Structure formats: C-alpha cells, structure tokens
Amino acid sequence: ELVSVWPSGGTFAELSRAAEAELLISLPYGRKAARTLAKKYGSKLLETGLPLGLSGTRAWLSAVCRAAGLPGLPDSYLTEERRAAEAVAPAFSVLAHKRVLFCGDPYMYAAFAGFAAELCMRPSLAFLNAAPRAPELPEKPQLMLFRPMLSEARRALLELGDRARPDLAVLNSFAISGNLAPGTPFLEF
C-alpha cells in the first residue's frame, strides 16, 4: 500500500515515507542505502536486478509478490504480458539472430542480455563502463571489455572483421558522442 520511489524527483517528505515501509525493494544502484534503511527501520529488504523484457519483468514482479507475501501475480498481469508480447512480435522477424554490441553499465547489460535472448538476438560484444566485475549472465558475450578507451573499443570492433561485426548497437550517450560504431545502426539506451 505504501510506495516510496528513490530517486523520484519528488519532495523530501515523499522520500521520507520509506521509513514507514514494511518492504524495501532495492535496485542495483541503491544497495547500500536500502540496507541502511532496512536495518534502521526494521523493514524487509528485497534486492533485485532491473526488470527488462517479458521474462525479466515477470521474474521481477514475481519476486516482489513473494517478498510482499502475496500468493502470486494477479490474473490481470497475464493479459498485460500478452499485450506486450503482441506489441513486440512485429519486430521479432527483423531482430532475430542479429549480433548486438552493448555499451553501458553492467546492471543494464545484465537486464538487456536477458531481453535480447528473448528476441533471439546475441550480444556479441559488451563494453561496460565499470570496474572489472562481470554481471551474472546465462551466457557471456564473445568479448567483454571494462572501461575501454574509445580507441581500444574501436580496435576490438575492427578486429572482429565483417563476418562477426554487430548488426545493431545499443549504446549509452558517451559511446554515441564518441562515434564508437560508425556505420552500425544504433539505439541509445
């Protein structure tokens, strides 16, 4: 019944409602703060990843329901999930079996990799803007670099050759402004 979202762009009074919550849901970026709040206020703590894609969202919501003591996802969720699948379906034939380059943070990559797998896409390269610690993944990309300089990332792309070059790039604004993958269709994430 009580929801407090951090960061929300709301007021301090809205944020302070977290002190009243029985359950705190911690996304990857707020682990330390969530643990501190849970300990201070005696709240139950659920540490989650980022919900992305149909399976990722279902798993995330199911974990929240379990932590909140609910019997499971509401029946209305299946209807909404079906609608989402129908909305994504037209893109499936275009995206299936494409190689993808991802450039961004490891938490986003872990969520994106699951979504890409749903679409039968293969993240072949990941350039992660964090210290070397690989996210938990069912399957690692062909190449994963941590904090690469633009020159190092470009060199890695060139060394792949044309046959293994990504068909699509999902990039953060830094990679876009650095023109990391010239000639590759991209989407800013």
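As the structure is a prediction and not an experimental result, all values here were calculated from the model. (Residues numbered from 1 in each chain as written. Predicted model: local features only at pLDDT ≥ 70, side-chain atom pairs only at ≥ 80, totals over all residues. Heavy atoms only, no water.)

Enquirer: With reference to specific residues and values, describe the pairing of strand S4 (residues 122-128).
Expert: With six of seven residues buried, S4 lies mostly within the body of the structure. Running through helix H5 (residues 106-118), the crossover from strand S3 (residues 99-104) to the neighbouring parallel element S4 is right-handed. In the sheet, S4 pairs with strand S5 (residues 143-146) via four bridges, with the strands oriented parallel. The partner of Phe-127 across the bridge, within S5, is Leu-145. (Buried < 20%, exposed > 50% of the residue type's maximum accessible area, 1.4 Å probe, protein only. Helix = DSSP H or I, 4+ residues; strand = E, 2+ residues; numbered from the N terminus. Right-handed = clockwise from strand over helix to strand, strands pointing away. Pairing = 2+ DSSP bridges.)

Enquirer: If you had to explain helix H3 (residues 53-67) to someone new, which residues and values would you point to?
Expert: Here H3 spans 21 Å end to end across 15 residues, near enough to the 21 Å set by a 1.5 Å rise per residue. Looking only at H3, the buried set comprises Gly-53, Ala-63, Val-64, Cys-65 and Ala-67. Turning to H3, the residues buried within the fold contact strand S1 (23-26), strand S2 (44-47) and H5. Residue Gly-69 follows H3 closely and has a positive phi angle near 75°. (Expected span 1.5 Å × (residues − 1). Contact = heavy atoms within 4.5 Å.)

Enquirer: Go over helix H2 (residues 31-41) with me, naming the residues and quoting the values.
Expert: Of the positions making up H2, those classed as buried are Ala-34, Leu-37 and Ala-38. When H2 is viewed along its axis, its buried side chains cluster within an angular range of 100° and face the same direction. Across H2 from its buried face, at more than 90 degrees, point the exposed residues Lys-32, Lys-39 and Lys-40. Buried residues in H2 make contact with S1 and S2. Of the residues trailing H2, Gly-42 is marked for its positive phi of about 70°. (Arc of directions from axis to C-beta.)

Enquirer: Describe the packing of aromatic side chains, and please don't skip the residues or the numbers.
Expert: According to the stated counting rule, one finds five aromatic pairs in the structure shown. Between Tyr-29 and Tyr-107, the ring centres sit 5.2 Å apart and the planes meet at 85°, which makes this aromatic pair edge-to-face. In this pair, Tyr-29 is assigned in the loop between S1 and H2 and Tyr-107 in helix H5, connecting sequence segments 78 residues apart. Since its relative accessible area comes to 30%, Tyr-107 is described here as partly exposed. Ring plane angle 55° and centroid distance 5.3 Å describe the contact between Phe-102 and Tyr-109, whose orientation is recorded as tilted. Each member of the pair, Phe-102 as well as Tyr-109, is classed as buried. (Phe/Tyr/Trp six-rings, centres within 6.5 Å; stacked < 30°, edge-to-face > 60°.)

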